[in-house]
Amino acid sequence: MNPVNDYLELVRAPAVLTVLGDTLVGGAAAGQVLSGRRMVLPLASACLYAGGMALNDYADRGNDARERPERPIPSGRISARNALAAAAVLTLAGLGLSAAGGGRRALAVGVPLAGSIWIYDLLAKNHPVSGALTMGSCRALDVLMGAGSGHLRPALAAAGIMGGHTVAVTFLSRGEVDGTTTATASGAAAGTGLLAAAVVAGSPGPRNQVLAVLAASAAYAARCAPAQVRAARDPAAKNALQATKAGIRAMIPLQTALTLRQGNVAAAGVLAAVDLLGKVLRSRPRSSRISES
């Protein structure tokens, strides 16, 4: 037994990579430069996300005992008490890092973000519509944390796009065990197309910049739309699971497109490196891989 790997599995370590770009998107929209202490903000997002995943498994421990007995809590590798403690510590660490990276303006958004995460895991997730909307608001707030409370308006569109994608992924994720519906998967696929178009339509820069945004938006759609279409044709649980995973992984090219829309090539380069790291981790032998969903 390896306690470190157990906790990495608890917090869905590979999926944590998909939130690192949220504050980069918000900062780019607000005209903030990725330098100095602001480079700490992605770590704040990572801690808050990881804390939410630990809390998710704490809240789901009863269902997981029946449906996913291999998960860390029902398998006995991590106690429910320790999972809750990990969630609390990671949440507090995330808030501390948000203050360190963005001062009071970032913390002013980080506090409601942390609250929304706990509300989702402990209350809202059992209700399909409110749960998906709450999860979408968490992602949108994470983007806004990168902008800070004094610069929210220019980042609202990007936050809405990231939040909208998250809502679709959350609806799909509800079918991972018992299957989804054709309507849900079709709606997610249609939403992907609409969001990609919205990103490109909101790119007012020079021709080369628009082409870069178009390429990144196409990469986003290519990353998740095929799996969503497969789930629409056959809404079985395995296809819903694959569509959910594809939707999670598609967060990074979507973030890349949004940073390029603001002309922030440095942030886009960082996200390209993060995306490559995710691919390397997924290419590892299955026995040494940590689950992301």
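See above for the structure.
Draft legend 1. Fine view of helix H11 (residues 237–249). Between its first and last C-alpha, H11 extends 18 Å over 13 residues, near the 18 Å set by a 1.5 Å rise per residue. Among the residues making up H11, those that are buried are Ala-237, Asn-239, Ala-240, Ala-243, Thr-244, Lys-245, Ala-246, Gly-247 and Ile-248.

Draft legend 2. Examining the state of the cysteines more closely. Applying the stated criterion across every chain yields a total of zero disulfides. With no disulfide of its own, Cys-47 lies 16 Å from the sulfur of Cys-138, the closest cysteine sulfur.

Draft legend 3. Just the packing of aromatic side chains, in detail. Counting across every chain of the model gives zero aromatic pairs. Over the face of the ring belonging to Tyr-58 we find Arg-61, whose NZ or CZ atom lies 4.2 Å from the ring centre.

Draft legend 4. Quick peek at the packing of helix H8 (residues 156–173) against H11. At their nearest, the axes of H8 and H11 sit 8 Å apart, and the two run at 155 degrees to each other. In terms of orientation, H8 lies roughly antiparallel with respect to H11. Handedness of the crossing formed by H8 with H11: left-handed. On H11, the residues that touch His-165, Val-169, Leu-172 and Ser-173 of H8 are Ala-240, Ala-243, Thr-244, Gly-247 and Ile-248. Among the residues making up the contact of H8 with H11, the classes are represented as five nonpolar, four polar and no charged.

Draft legend 5. Representation of the environment of Leu-260 in the model. With respect to the element layout, Leu-260 can be found in helix H12 (residues 251–261). Relative accessible area serves as the criterion here: at 14%, Leu-260 is assigned to the buried category. On a C-alpha basis, the gap between Leu-260 and Lys-279 in space is 21 Å, while along the polypeptide they are 19 residues apart. Each residue touching Leu-260, except ones within four places of it in the same chain, is listed here: Gln-209, Ala-212, Val-213, Ala-216 and Ala-268.

Draft legend 6. Representation of the nonpolar core within the structure. In this structure, Leu-113, Met-145, Val-199, Tyr-220, Leu-254 and Leu-258 are the most contacted members of the largest nonpolar core, which totals 47 residues. Excluding its chain neighbours within four sequence positions, the residues that come into contact with Leu-254 are Ile-161, Met-162, His-165, Val-199 and Tyr-220. One finds Leu-10, Ala-15, Ala-86 and Leu-271 within the second-largest nonpolar core, a separate group that totals 25 residues.

Draft legend 7. Structural view of helix H4 (residues 41–59). With 19 residues, H4 extends 27 Å from end C-alpha to end C-alpha; this agrees with the ideal 27 Å at 1.5 Å per step. Most of H4 sits out of view: 16 of its 19 residues are buried.

Basis of the calculations
- Residues numbered from 1 in each chain as written.
- Predicted model: local features only at pLDDT ≥ 70, side-chain atom pairs only at ≥ 80, totals over all residues.
- Heavy atoms only, no water.
- Helix = DSSP H or I, 4+ residues; strand = E, 2+ residues; numbered from the N terminus.
- Expected span 1.5 Å × (residues − 1).
- Buried < 20%, exposed > 50% of the residue type's maximum accessible area, 1.4 Å probe, protein only.
- Disulfide = S-S within 2.5 Å.
- Phe/Tyr/Trp six-rings, centres within 6.5 Å; stacked < 30°, edge-to-face > 60°.
- Lys NZ or Arg CZ within 6 Å of the ring centre and 35° of its normal.
- Axes fitted to C-alpha atoms, helices over the stretch in contact; angles between N-to-C directions.
- Parallel < 35°, antiparallel > 145°, perpendicular 65-115°, else oblique.
- Left-handed = near helix turned anticlockwise from the far one by under 90°.
- Contact = heavy atoms within 4.5 Å.
- Nonpolar A, V, L, I, M, F, W, Y, C, P; charged D, E, K, R; others polar.
- Core = buried A, V, L, I, M, F, W, Y, C linked by side-chain atoms within 4.5 Å.

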